[in-house]
Amino acid sequence: MLKRKFTPSHVKVLDSPPMLILCIVLAVGLYIGCFAGLISNKAMRYLVQIFLYITMGEMWNLLSGYAGMTSLGQQLYIGLAGYSVAMATSPLFGLPLFGALLLGAGISVVVSLFMSLILFRLEGMYFSIATLVAAEAFCMLFFAWKFVGQGAGMTIRINPYPTLQEICILSMTICVVALALVYGLLRTRVGLGLTAMRDDITSAASVGVNIFSHKLLVYVIAAFFTALAGGIFFVNKGMIYPDSGFGISWTISMVFIAIIGGTGTVSGPIIGAIIYVFLNEKLADYPGWSNIILGTITILVILFLPNGIMGTLQKKLHFEIFSSKRFSFKLKKAAKEK
Amino acid sequence: MYFIQTLVNGLLLGGYYALIGIGMTMILGIVKLTNLAHGEFVIIGAYMAAVVTSALGIDPILSLVITVPLMFLIGFVLQYVLIGNAMKKGPEPALLVTFGLSIIIMDALRLIFTVNEQSISTPYSTKTFTVLGINISVLNLVLFAISIVSILLLTMFLSRSYVGRAIRATADDAEAAALSGVNIKKVYAIAMGVSMASAAVAGLCIGMKSTFNPTSGGAYLSTAFVVVVIGGMGSIPGTLIAGIVFGLAQVIGGASYGQLISYVMLLLVLVIRPRGILGK
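Residues numbered from 1 in each chain as written. Chains lettered and ligands numbered in written order. Predicted model: local features only at pLDDT ≥ 70, side-chain atom pairs only at ≥ 80, totals over all residues. Heavy atoms only, no water.

**What to know about the overall build of chain A**
- For chain A, the count of helices and strands is 15 helices and five strands.
- The 338 residues of chain A split such that 53% are buried.
- Long-range pairs, those at least 24 residues apart, make up 80% of the contacts in chain A with a sequence separation of at least 6. (Helix = DSSP H or I, 4+ residues; strand = E, 2+ residues; numbered from the N terminus. Buried < 20%, exposed > 50% of the residue type's maximum accessible area, 1.4 Å probe, protein only. Contact = heavy atoms within 4.5 Å.)

**A look at the interface of chain B and chain A**
- If you look at the interface, chain B gives 38 residues, while chain A gives 32 residues.
- Buried surface at the junction of chain B and chain A, both sides included, amounts to about 3400 Å², of which 82% is carbon and sulfur.
- The largest per-residue losses of area from chain B upon contact with chain A belong to Leu96, Phe99 and Ile103 of chain B, which jointly make up 16% of the total buried on that side.
- In this structure, the connection of chain B to chain A is made through zero salt bridges.
- Applying the counting criterion to the chain B and chain A interface returns two residue pairs in polar contact (both at pLDDT 80 or more).
- Secondary-structure elements contributing two or more residues to the side of chain B that touches chain A are α3 (64–87), α4 (91–113), α9 (217–231) and α10 (236–272) of chain B.
- Examining the composition of the side of chain B that touches chain A, we find that 13 residues originate from one element, α4 of chain B, more than from any other.
- A breakdown of the residues in the side of chain B that touches chain A according to their chemical character gives 27 nonpolar, six polar and five charged. (Buried area = accessible area lost by both parts, 1.4 Å probe. Salt bridge = Lys/Arg side-chain N within 4 Å of Asp/Glu carboxyl O. Polar contact = N/O pair within 3.5 Å; in protein donor to acceptor, adjacent residues only side chain to side chain. Nonpolar A, V, L, I, M, F, W, Y, C, P; charged D, E, K, R; others polar.)

**As for the confidence of the model for chain A**
- Taken residue by residue, chain A gives an average pLDDT of 81. The fraction at 70 or more is 88%.
- Every residue in residues 334–338 of chain A scores below 50 in pLDDT, and together they form one contact with partners more than four places removed in sequence or on other chains. (pLDDT = per-residue confidence, 0-100.)

**Points about the nonpolar core**
- Judged by nonpolar contacts, the single largest core of 200 residues is most densely connected at Tyr53, Tyr77 and Tyr219 of chain A together with Tyr16 and Phe41 of chain B.
- Every residue in contact with Tyr16 of chain B, bar those within four places of it in the chain, is listed here: Leu143, Ser147, Cys205, Ile206, Lys209, Ser210 and Tyr220 of chain B. (Core = buried A, V, L, I, M, F, W, Y, C linked by side-chain atoms within 4.5 Å.)

**Some thoughts on the packing of aromatic side chains**
- What the rule picks out here adds up to 22 aromatic pairs over all chains.
- Seen in terms of ring centroids, Phe224 of chain A and Phe225 of chain A are 5.3 Å apart; in terms of plane orientation they differ by 85°. Their pairing is edge-to-face.
- Looking at Phe224 of chain A, the relative accessible area reads 28%, which means it is partly exposed.
- For the pair Tyr47 of chain B and Phe212 of chain B, a centre-to-centre distance of 4.9 Å together with 90° between the ring planes defines the contact as edge-to-face. Linking Tyr47 of chain B in helix α2 (residues 38–56) with Phe212 of chain B in the loop between α8 (184–209) and α9, this pair joins segments that are 165 residues apart in sequence. For the pair shown, Tyr47 of chain B and Phe212 of chain B are each scored as buried.
- Aromatic rings pair up to connect Tyr53, Phe233, Phe234, Trp250, Phe256 and Tyr276 of chain A into one cluster. (Phe/Tyr/Trp six-rings, centres within 6.5 Å; stacked < 30°, edge-to-face > 60°.)

**Overview of unusual backbone geometry**
Residue and element names in this part refer to chain B.
- Phi is positive for Lys32, which is not a glycine, with a value near 60°.
- Following the sequence through the fold, Lys32 ends up in the loop between α1 (2–31) and α2.
- Residue class for Lys32 comes out partly exposed when judged on its relative accessible area of 43%.
- With phi around 60°, Thr114 is a residue other than glycine that occupies positive phi space.
- Within the secondary structure, Thr114 is located in the loop between α4 and β1 (128–131).
- Since its relative accessible area comes to 39%, Thr114 is described here as partly exposed.

**Regarding the packing of helix α5 (residues 124–144) of chain A against α10 of chain B**
- α10 of chain B packs onto α5 of chain A with a crossing angle of 150° between their chain directions and a minimal axis gap of 9 Å. Regarding the angle of α5 of chain A to α10 of chain B, the classification is roughly antiparallel. Relative to α10 of chain B, the crossing made by α5 of chain A is left-handed. Here Tyr126, Ala130, Val133, Glu136, Ala137, Met140, Leu141 and Ala144 of chain A of α5 of chain A lie close against α10 of chain B, whose contacting residues are Ser256, Tyr257, Gln259, Leu260, Tyr263, Leu266 and Leu270 of chain B.
- Partitioning the contact of α5 of chain A with α10 of chain B into residue classes produces twelve nonpolar, two polar and one charged. (Axes fitted to C-alpha atoms, helices over the stretch in contact; angles between N-to-C directions. Parallel < 35°, antiparallel > 145°, perpendicular 65-115°, else oblique. Left-handed = near helix turned anticlockwise from the far one by under 90°.)

Written out as structure tokens, the structure reads:
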């Protein structure tokens, strides 16, 4: 049998104009579909989840995949944003939805700046532990706080309550902005620095990448967008309580999405989020088994596909979507090394 | 008098909290792995003790004879087959594998034992006696004794036995230990086994002290983290001191603020002395 041998001589970067145009067409199509009511409510419910999870997964990927900060406590900002929205839109304050969302994101940015003072002194596992504990501490705080209903939580009462259509458009906008920002960021000087940090943090530092400022920038951006996505998630859900806001399950989903899709790739979390949302929906038929299946898939992927779906595909087929590289280029020695 | 009462209560609980942290400090210090499944390991220990106690109708403490070797074996196999392979790919993949393990265990326990609260009842769980006007709960005293004995045994194992010396050598410098003929993979597996065995003891104590359910592992993971980081990773005396500090915080802060106080303490320790009180 004749086997055609694929000699990898180049990496093709697939984000030249055709790819970008395809993405823009897809986004505009979805927008029009949402506005004109062409998409059914069921599909929209899926879309809202997919968009929000893409945003969160992408942010976690930026943190862990690029900046080497494996945070296990991003739910801190989700909970903060959720509670901010719930409080600010309550009859007592009566802020409109937009104001409340921005307020939540703003609070998260302030908290993230404060947290960075503590967290950035730590590295590796110390960092992961501290983020987890910080989120737990906030969870305890909201458990003890009478105004937010302690363990029972709060019902979100926005007046007028946004329709599913509006929520869908909002979450899509945030997702598109987040993706554009990550993509844009990775193609700038900062992005080159981040990519260098992803590959080898010590060498990156020694050639003059300012590790601290890069980390800070990424951490604050991640807090901002995670908070926005979290705020909308709770508007969609209608209520919040400490365990749902600051629960570790948020980290489970973000980690799953980034790992399955492939950490350190921009396109990975998109695939990961789509898989996660559909898997979650399917697993709802088997109550009790969902985490067992998610956990098993995560472990198997880590052991056998350490680069995730997109990472493995990119390595095997030599292309990159949404690459931070600006042009296709020839590989010099890669073929022989195998 | 109130002050001394609080001090005694905190001190007695300190051993109990140190015991929860001790398995984690071993894994962090020796294997250099953040084991996010430690809370679930402890809960497995609690369920095992509950099952053995009720099946054989023996005193809960005697159940350790069965649960400790069994948990050691589980830990050994887990590390040898699964976690060790993930560690080759770097610290983050290993961390995420333990994360996957923790959610699998949580749901598996939920399927087997349902979400109902369980506890291990003992004849002395509500008895107290008074010394010099200070009330001492018999249960707390028993827990303290179990903890101190386990910690002493562990210290002896690490300092006296051949395997213990190999473990300490590996913790200091894995490469140098390997060059001197230590089988690193096996040492890591033994360390994980010992950590699991200590989780079995901690689980028994948790079962006697309070109720537990399949999802309560997360809270004990946080407790273990706080104790370990305050004490300094890998340091057993540090863990004991941190356990006592943690116990005092719990007694002073009560149910609503105890946990919060300890988290704030942890963040302070991280800022002032990131390597912990007795860390290297």
